[in-house]
Amino acid sequence: MLARGAALAALDAEDAAHEGVTILLTDDETVRELNARFRQKDSATNVLSFPAPRNPERHLGDIALAYGVCAREAAEQGKRFEHHLMHLTVHGVLHLLGYDHIGDDDAEAMESLERAVLAGLGVPDPYAAGEGEHERP
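Residues numbered from 1 in each chain as written. Predicted model: local features only at pLDDT ≥ 70, side-chain atom pairs only at ≥ 80, totals over all residues. Heavy atoms only, no water.

(A) Fine view of the overall build of the protein chain. The number of helices and strands found in the protein chain is five helices and three strands. Ordered by position in the sequence, the α and β elements of the protein chain form the string α-β-α-β-β-α-α-α. A globule of 137 residues ought to have a C-alpha radius of gyration of about 14 Å, and the protein chain, at 14 Å, matches this closely. Its C-alpha atoms put the protein chain at 45 × 35 × 30 Å along the principal axes. Counting every position in the protein chain, which comprises 137 residues, the buried fraction comes to 36%. Taking the intrachain contacts of the protein chain between residues at least 6 apart in sequence as the baseline, contacts between residues at least 24 apart amount to 58%. Entry remark: accessible area of the protein chain is about 7,600 Å², with carbon and sulfur atoms responsible for 50%. Of note, the protein chain has its 12 positive side-chain charges centred 3 Å away from the centre of its 25 negative side-chain charges. (Helix = DSSP H or I, 4+ residues; strand = E, 2+ residues; numbered from the N terminus. Rg over C-alpha atoms; globule rule 2.2 N^0.38 Å. Buried < 20%, exposed > 50% of the residue type's maximum accessible area, 1.4 Å probe, protein only. Contact = heavy atoms within 4.5 Å. Areas by Shrake-Rupley, 256 points an atom, 1.4 Å probe, with all protein chains shown as cover. Lys, Arg positive; Asp, Glu negative; His and termini not counted. Charge placed at Lys NZ, Arg CZ, Asp CG, Glu CD.)

If you want it as structure tokens, here you go:
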């Protein structure tokens, strides 16, 4: 329910509430295999986004979250697991909507929207000072 609510909030923020997203919360090994297969990176990562081609069902794509990585990062960063999971879900949905964080301006725009969506869900700013160490997902 947490990931679903976070995904719906991100879609709503971008007026894409009628778009579909599939969310997979799975083990680290499955995400490692997906990362190796589709990104040629042989390691588990916290979240992967797979955009779908345009389709009449309005399915935006799929998100895969690695439970172990998410739990480890939350502990290391001093965050509640559910908050971190919601943040990564929002982050993944925004990637499906075309956002990225390669350049500084793009990163700031994406992070600003993440903050706004998460605030609406009662989740503290994941990038705020004093919230533990932060890395872009």
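There is more to say, and it comes next.
(B) Spotlight on the pattern of salt bridges. Evaluated as defined, the whole model comprises seven salt bridges. Where Asp-42 meets Arg-32, a salt bridge forms, and the shortest distance between an N and an O atom there is 2.2 Å. Linking Asp-42 in the loop between helix H2 (28-39) and strand S2 (47-51) with Arg-32 in helix H2, this pair joins segments that are 10 residues apart in sequence. Its salt-bridge partner being Arg-80, residue Glu-82 comes within 2.4 Å of it at the nearest N-O pair. Given the relative accessible area of 25%, Glu-82 is considered partly exposed. Three or more residues are tied together by salt bridges with common partners; here these are Glu-29, Arg-32 and Asp-42. (Salt bridge = Lys/Arg side-chain N within 4 Å of Asp/Glu carboxyl O.)

(C) Structural detail: unusual backbone geometry. With a phi close to 55°, Asp-15 is a non-glycine residue in the positive phi region. Along the chain, the position of Asp-15 falls in the loop between helix H1 (2-13) and strand S1 (20-26). What makes Asp-15 exposed here is its relative accessible area of 75%. A positive phi is found at Gln-40, a non-glycine position, where the angle reads about 55°. Within the secondary structure, Gln-40 sits in the loop between H2 and S2. The class of Gln-40 is exposed, set by a relative accessible area of 62%.

(D) Main features of the nonpolar core. Counting residues in hydrophobic clusters, the biggest one holds 22 residues, and the most contacted among them are Ile-63, Leu-65, Val-90 and Val-93. No other element matches the seven residues that helix H4 (residues 81-96) contributes to this core. Counting residues in each nonpolar core, the second largest holds five residues, with Leu-48, Ala-64, Ala-66 and Val-69 among its members. (Core = buried A, V, L, I, M, F, W, Y, C linked by side-chain atoms within 4.5 Å.)

(E) Layout of H2. Its 12 residues place the ends of H2 15 Å apart at the C-alpha level, agreeing with the 16 Å of an ideal helix rising 1.5 Å per residue. Listed in full, the buried residues belonging to H2 are Asp-28, Val-31 and Asn-35. All buried residues of H2 lie within an arc of 65° about the axis, which places them on one face of the element. Those residues of H2 that are buried lie in contact with S1, S2, strand S3 (59-66) and helix H3 (67-77). Where H2 begins, the side chain of Asp-27 points an oxygen toward the backbone nitrogen of Glu-29, at a separation of 3.1 Å. Gln-40, located one to two residues past H2, shows a positive phi value of around 55°. (Expected span 1.5 Å × (residues − 1). Arc of directions from axis to C-beta. Polar contact = N/O pair within 3.5 Å; in protein donor to acceptor, adjacent residues only side chain to side chain.)

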